[in-house]
Each structure stands twice: as structure tokens, then as C-alpha cells.
Amino acid sequence: MRHDHDPASEDYRQILHEILPQVEKPTRYQGNELNAVHKDPDSVEIKVALAFPDLYEVGMSHLGLKILYYIINGREDALAERVYAPWVDMERLLREKGVPLFSMESWTPLRDFEIVGFTLQYEMSYTNILNMLDLAGIPLRSTGRGEGDPLVIAGGPCAFNPEPLAAFMDLFVIGDAEEAIHQVLDTCKTWRGRGRRALLRAMADIPGVYVPSLFEVEYDSRGLIQGWRPREEGLAFPVKKRVAQELDLAPYPDAFPVPFMDIVHDRAMVEVMRGCTRGCRFCQADILYRPVRERRPETVKKLVKTLLDRTGYEELSLTSLSSSDYSCIQQVIGDLMLQLEPEGVALSLPSLRVDSFSVGLADQIQRVRRTSLTFAPEAGTQRLRDVINKGVAEENLFDTVRAVFGAGWSSVKLYFMIGLPTETEADLQGIVDLAYAALREGRSARRRGMGLTGEGKLQNSKDPGRISVTVSASSFVPKPHTPFQWEPQARLETLLERQEFLKKRLRDRAISFQWHDAPLSQMEAVLSRGDRRVGEALERAWQLGCRFDGWADHFHHERWWQAFSETGLSMDFYAHRERTFEERLPWEVVDAGVTRQFLWRERTRALAGERTADCRFGPCPGCGVCPRLGVDTRLADPDLTGRAGG
Amino acid sequence: MADEMARIDEITRIRVRFSKGDPVRFISHLDLTRAMERAVRRAKLPIAFSRGFHPMPKIAYASALPVGTTSEAEYADFEFNRPVEAEEVLRRLNSVLPEGIRILEASRVPADAGALMAMVDLAEYRVEVVGWPDLSRDRVEEAIGRLLDRREIPVERRGKKGARVIDLRPLIKEISWQGEDHGRQQITMRLGMGNAGNARPEEILESSGLPSAGSGVHRIGLFVTRGETFLSPMELKGR
Ligand code: SF4
């Protein structure tokens, strides 16, 4: 056995006791939270480590892993434990003392699990995955793993382009994992011990499972992908995403582990809806989670009650990609406020749509104006908003801002993207103009005296008269499976110039301007549309010390640039090159349900500034998901059901 | 909530002693208060809330336990706006508290009892000295003796306003060797706390030249000095 030289796990525990007081936030690794599940490892056949490749504070805020934790621990024959990326101080101590990466619940070394499953939420956490595997003593590459090693699997939105991680993962689960995870566990039970290759071959027969080692990629002389050659007979290709059609019946946790320390989103969450068909052309989630499926209001309310009873949370969030679009939102919010207000539980809606209806919802749920409201117009002019199909008319935007300040908030946050296809200086100027217009609206609302304590609302601001506007500009990253998947990303110099343009013009003291690190967005563009060769650069970057790249202070672009030059790869090729319709794209191994023809048509319409309507409220524009995957849109409001169709 | 302020004679104040055990040894005081508030919510106890923008449940602690220290002598006063039995508070909280936090005693105190934090002035700790494999009883006792012989024990504290030096000596009321367990020397310390200043057991170990990193510190008592006697907050009953 490989692990002969290891001290017994009791020794590890002793060492951990000694090193934990030395790290910055030991609670990140302590475990023992309320509702954490501690099962006897000897009582189950399959142990799964659910791994989140970022800090505890980030990972514990994520819903997907909580759902899987609940589903797996609901099985008698299996257990799931959690593990997060150790912060740099902890990593140093683990390496120094020779302690392998361990799970939160039982402090079991990761390599003693049958399955280690990573969730892929963000490309810039890929180096953390390699680092975690290395800390766990699990061979980085799938081909280097033997019988005694865990099966390393991954899922989540970034799995829709699995190729950059192909060398490191034994398999990917594409799409909703609620059912697929059972099949993966069952197959693992049946085939374990009968040879790793046989196990992987059996896994490949599960719908939605992609086993990269069973395919070989062929490139042409220009370095473009020619195709994938299967290494075995009868393999499904491309791999179709899984869709939980009956979201209302899908398993949902009745309790979450409740952290002791402060985390990013420390609250109970109920997912009211999955999917969004607004059709924003830059948005990957829009395509990945189609079609829209809603939970019934009764189910939502029942889940809310159970979760609050079992967690004691003082805040509840109704989550989805765009919760003001949930067809029963008004009714659910009304009912919940009646129930929650006397108990002192606050309700929150992440991601508000830009319209006065959403402001009305926020008004209903935020008795105290604790926070600013955030909206995402995404682009500064009507022309560019039409290009990206962001359904926000200029007038809408002003109505929204007016409503916000009129209802007593004193600050608003506006999200934009720079570097969008067809963007010109006029569009940037549009962002500036919108920011100042919002400020004027706020100030005149304040002068009219409406906003001070409007309708008895409490103001909680040091200076209630002061209006402020925050403008946040991220850099556009073209993503796989979107109408902009063929587009070049704006060059680094261009992005920096455009940031400068905004910085110079957004100088008012009442406006704060935030922007994203441009080299980071460039790396994100490279990784998100990368192919298998990018995996080499990724591994090299990790060797050069890259970790926690998504954390601005820890991102070292020069290490990445070095990694690319050493592996002979060009970042330009991945980030800044325009692809043709004919080119085979790395993520073609995954069928997200939407056809390439639809995406191309959307791209053409985008460049012509033509809008496409949401299929929930109008005719089906034929993205392909419903007929091709045999699913359909499910709205909770019976009056609306049937209006949409594939 | 805050609006339905109960009549003063309905306000019930329950004092509890609770433990913070090994499973939660690394959580901060803020983490602990959050866990306690959520437990009160789950237990559906009629806790009173403060008024203002952020109504806060009325739970007042005797002291903040440092991260890494365990304790069986933490105290808190809970204010309820409906009558509730101390026994019931204990039972209902224990059925929902996370592993490692346990209510050990509960009893009613007058609603106008003084604040615990302002009253406690002495803490007792059991310290297991870990770090040197062959540490003998003699060596520990010698180190303690030498420390107690000093007139002044200046240590540097870093606060918001920069570093300042405080004298630990007047805060040391008693230190004694207690026993040995698996080669680890155990001592107890009675140290002053509160308005007169706090002494931390780790500082005492450092000042006496004993290993402090990795040593297990466990609080076993908190007291209010009344003349020659030391009363626990439970004995105090608010007067
Ligand atoms: S097939 Fe039509 S109805 Fe279904 S998600 Fe696509 S656009 Fe909407």
C-alpha cells in the first residue's frame, strides 16, 4: 500500500490540535457545526468527500453542495463529508507537519474516501483543486491513480467546459446532479474492486457523465480541434446535460450545517426556481439551466418553515437566477412576511431585476433600509443593451432609480460590463451619464423630502441626506455555450483604457467606482474557453505557486504568463481570437440542449441589435432545450403554465 | 418583538452557567453569541429584544472567552418577555444547542440584577502544560515559585491605540501545581479579571518560562469577590 508510512489517524488528530491554534481562523477547519452529519464510516459502503475549491466562508455559502450533502447522507449505504481549500497559512503547516488534507466532519484524510467530488463554480479556483489533490496525497492526473485511490469527480457550471480539467478528473457530471449522483454511487458500489478502467467504463454509461480518459482529442496542423476519438465502443457523445424536470419534487435539504463563524452568505436559502430564459446573450447560466422550473408556493413555504426551525437563522433568502421573475413571488413574499416578521426573521432577494416591480418587492421586505439596492443594467446605452438582449429600457431604468430613492434608500449600486461586443466610447459615456442621472434623481427625491422617512420607514445611515451611487464595472468574459462563445475578448490594453475612461469621469465624491482586475478577467477568459492543452499550463501555474487566484491579492498574473510561455501555449489563441461557426469548440463534448444554430442566430441578431423575447412570456424562439432533452418549462402559477412551450 | 414590550413584572431574567467544550474550542466570543441566539430561536423561547434599528436578543455574558480556551464556567443572563421556568430554559436550550455547548445550571434572578460583566473579577483556570516531553513537577513548581517572587511582571499588550505595558503581578491571586496526567503537568491559576485588568493563563506560562503554545487552558470558575469570600454568579442571585 502507498500509505504504509503514514502515522495513524490518531496522530494526525494530535498534530491538528497543535497546529489549529496557529492559523488565522481555526474555525474554518474545526467542523462540529449544528446539523453537520457525523456517520460511522464503518457503517457505509461509499464515503464521499464533497470538496469546494475555495475558502470555508465561500464554500459554506453555496447551495449546490448542501443539496448533495443532504442527498448522499440520506442514503443508508453512503456518507458525505465536507472539505474546503485550506488558506495559505494552513497549507504551510499541513505541508510542514506532513498532515494530509482531511475532511471537516471526522478529520479523515481525503484519500480514504471512495469518491472526492469537486464543485466547479469559478475557473479561477482551478489551481486550488490541484493544490487540494496534492495536499491530499492523491495523484493529480487521472492516469496516475490506482485501485486504492478515490474516484475524483466534478460537477457544477464550469463542468460545461470540462476540457481544461480533463487530465485531472476521472469523470464529470453535467447538469442537475440530483438523480445522477445516485447512479454514480450505485455504479461505484457495483464496480469497485473490479478494476479502475472497468469502473470508469461503467460510469460512462450513466446519462450526463463524461469520462475524459475514454476520448482522445485530435488537432489539425493549425492547432484547431479536429474531433474526439472514442477509445471504447458504444460511448455516448456528446454528453447531454441532466435536467431535474420536477423541481418541485426534487430533494431539498431540511437542515443546513450552520457555521459558527461569519461566512459570505450566512442565511437560510430556499431555491424557488431553477433556470432563466430572459436570454441575456453574455450569460452562461441562462443557457446552462434552461428551461425554467419553479417550485410551488406551498412547497417553498414548507421548506422555509422546516429550515428556519432547524437552523434558527435570522435571515432567509429566496434564491434563483432572478427571483423577481418567480411567477408567484408576490404571493409568497406576502405570506412569508406575515409569518417571519413577528419572529424577527429578515427576508432577502438576491439579484433584483431592473424595474419598479422589483423595487416594490424590496420595499415590502426591507423594513429597515440596511443596505443599498443593487441592479445590473450591464450596459450604458440602449443600443448596447439591445445587443446583449438585456431587457431594460432607458425609461425603466430611471423609474427604478426614482422608485429606489423615493422609497427611502439613500444608495444604489449599478453593475456594468465593459468590453462587450460592439462597445464604443459612446457606450462608456452612457455608463457615466447613467451614474450622474441616478445621482440627480436621488438628490431631487431627497429634496422633495420623500425619501427621508417615507411612509414611516426607518433610515439607518449616518447621514440620511447623503445620496450615493456605486458603479461597478466588470470586464466581459465570453463564455462557452453562449451566443458570444465565438467572440474575442477585448485586449488587455483596451480593457485598461476603458477602465481609465470611466475612472476619469466618475470622480464625484458621491459616486464610487469599482472595477475588476483586467489580467484576472483575461485569465478567466483563457480558462473558461480552454481545451485540454490548457490543463498543462494550469498545472505549471500551480507548480509556480498559483493558489486562490480569484482573490485579487493572491493573483499573480506574471506566474500565469510564465506558465503559458513555458508550456508553449498562447493566451491570445484562447482569449482574444474570433472563432468561426465551423470551428470545433472544446466544450462540444457537452450538449447543453441548446443548438449551435440557435446560438449563432442569437449572435447574428445581437450584432444587428435585434432583441429576442423570453419564452416564458412569449412564443418559443426555439433554443432547442425542450424538444431535444424532452423537458419543458414549469411555472408555479397555473394561469401562466402552458403559455410557454418547447 | 421590540414593539410588544412586556410589562416590567413579566420580564423574567434567567441566569445560566454553560460550558464551551472541545468541539467548539476555536470559535470566537462573537461566534458563540451568534450560536446562542440561533439556539434561542430554535428553542422558540420568548426572548426579549433591544429597541433600535437592529433589535438584538437580550443576552448578556459575564465575559468573553478567548479562542482556543475551553470552559465549564461561562455565565449569561437571558431576558424573556414572558414568564418562563429556569428548568425549561435549560431543557429547551440543551435540546437544540450544537455539540460542545451545554447549559449546566439555570436559575431565575431579579429582573433588575446588575450586569454580570461588571461584577465578575476573578477567573479560575486549569492548565495542562504541553510542549516539553520531560517536564517534571519540580521544574514547574520552581518556575511558579520564581514567578511569584517577582515584584513586577510587565507584559506588552497590543490594543487599538498601540502597545502598552501592564503588570500581571497584582492580578495573580493563586497558582498551584495540581497533578500529573500522562506526563503532562497540571496547574490551576486564579487570576484577576474585569475592571482591574485581565491576566491570561498563556501570559502567565510565558512569563514563568513554561511552554504556552499547545497547552490546554480550561476555565473552571468565575467569581465575584465579596470581602474574603468568592461567590459564583449563581450564588449571587443578582444582589
Ligand atoms: S425550447 Fe423554447 S420554451 Fe424551451 S427553453 Fe428553449 S426557448 Fe424556452
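Structure shown above.
Predicted model, so just to flag it, every value in this text is computed and none were measured. (Residues numbered from 1 in each chain as written. Chains lettered and ligands numbered in written order. Predicted model: local features only at pLDDT ≥ 70, side-chain atom pairs only at ≥ 80, totals over all residues. Heavy atoms only, no water.)

Caption draft 1: Representation of the overall build of chain A in the model. When its secondary structure is counted, chain A shows 22 helices and 19 strands. In terms of C-alpha radius of gyration, chain A reaches 25 Å, essentially the compact-globule figure of 26 Å for 646 residues. For the C-alpha atoms alone, the extent of chain A along its principal axes is close to 75 × 60 × 50 Å. In chain A, which comprises 646 residues, the share counted as buried stands at 62%. By sequence separation, contacts in chain A at least 24 residues apart represent 77% of the contacts at least 6 residues apart. Split by element, the accessible area of chain A, about 24,100 Å² in all, is 50% carbon and sulfur. One way to put it: in chain A the 82 positive side-chain charges average out to a point 4 Å from where the 93 negative ones average out. (Helix = DSSP H or I, 4+ residues; strand = E, 2+ residues; numbered from the N terminus. Rg over C-alpha atoms; globule rule 2.2 N^0.38 Å. Buried < 20%, exposed > 50% of the residue type's maximum accessible area, 1.4 Å probe, protein only. Contact = heavy atoms within 4.5 Å. Areas by Shrake-Rupley, 256 points an atom, 1.4 Å probe, with all protein chains shown as cover. Lys, Arg positive; Asp, Glu negative; His and termini not counted. Charge placed at Lys NZ, Arg CZ, Asp CG, Glu CD.)

Caption draft 2: The overall build of chain B, seen in detail. Across its full length, chain B carries six helices and 11 strands. Here the C-alpha atoms of chain B give a radius of gyration of 20 Å, agreeing with the 18 Å that 2.2 N^0.38 yields for 239 residues. Out of the 239 residues belonging to chain B, those deemed buried represent 53%. Carbon and sulfur atoms make up 49% of the accessible area of chain B, which amounts to about 11,900 Å² in all. If the 38 positive side-chain charges of chain B are averaged to one point and the 36 negative ones to another, these points end up 5 Å apart.

Caption draft 3: Seen up close, the pattern of salt bridges. One pass over the structure, following the stated rule, counts 86 salt bridges over all chains. A:D266 serves as the salt-bridge partner of B:R38, at 3.0 Å between the closest nitrogen and oxygen. Residue B:R38 is located in helix α1 (residues 29-43), and its partner A:D266 is located in the loop between β9 (239-240) and β10 (268-271); the two belong to separate chains. The same class applies to B:R38 and to A:D266, which are both buried. The structure contains a network of salt bridges with shared partners spanning A:D176, A:E178, A:E271, A:R274, A:R293 and A:R295. (Salt bridge = Lys/Arg side-chain N within 4 Å of Asp/Glu carboxyl O.)

Caption draft 4: Fine view of the side chain of A:E81. Residues and elements named next belong to chain A. In this fold, E81 is placed in strand β2 (residues 78-84). Among buried Asp, Glu, Lys and Arg side chains, E81 stands out as unpaired, with R82 the closest opposite charge at 8.3 Å. Of the polar contacts made by the side chain of E81, one reaches the side chain of S106; its length is 2.7 Å. In this view, E81 contacts V48, A49, L50, Y69, S103, E105, S106, T108 and F113; residues no more than four positions away in its chain are not counted. (Polar contact = N/O pair within 3.5 Å; in protein donor to acceptor, adjacent residues only side chain to side chain.)

Caption draft 5: Main features of the sheet that holds strand β16 (residues 411-418) of chain A. Residues and elements named next belong to chain A. The strand order β15-β16-β17-β18 describes an open sheet built from four strands, whose pairing is parallel. The sheet is open, and its two borders are formed by β15 (373-378) and β18 (511-515), each paired with just one other strand. Within this sheet the neighbouring strands show an average axis-to-axis angle of 20 degrees, counted without direction. Relative to strand β17 (residues 468-475), β16 runs parallel, the two being bridged by eight bridges. What sits directly across from S411, in β17, is S468. In the packing of helix α14 (residues 394-406) onto the sheet, contacts are made with β15, β16 and β17, and the angle to β15 comes to roughly 170 degrees. (Pairing = 2+ DSSP bridges. Axes fitted to C-alpha atoms, helices over the stretch in contact; angles between N-to-C directions.)

In short, shape yes, function no, at least from these values alone.
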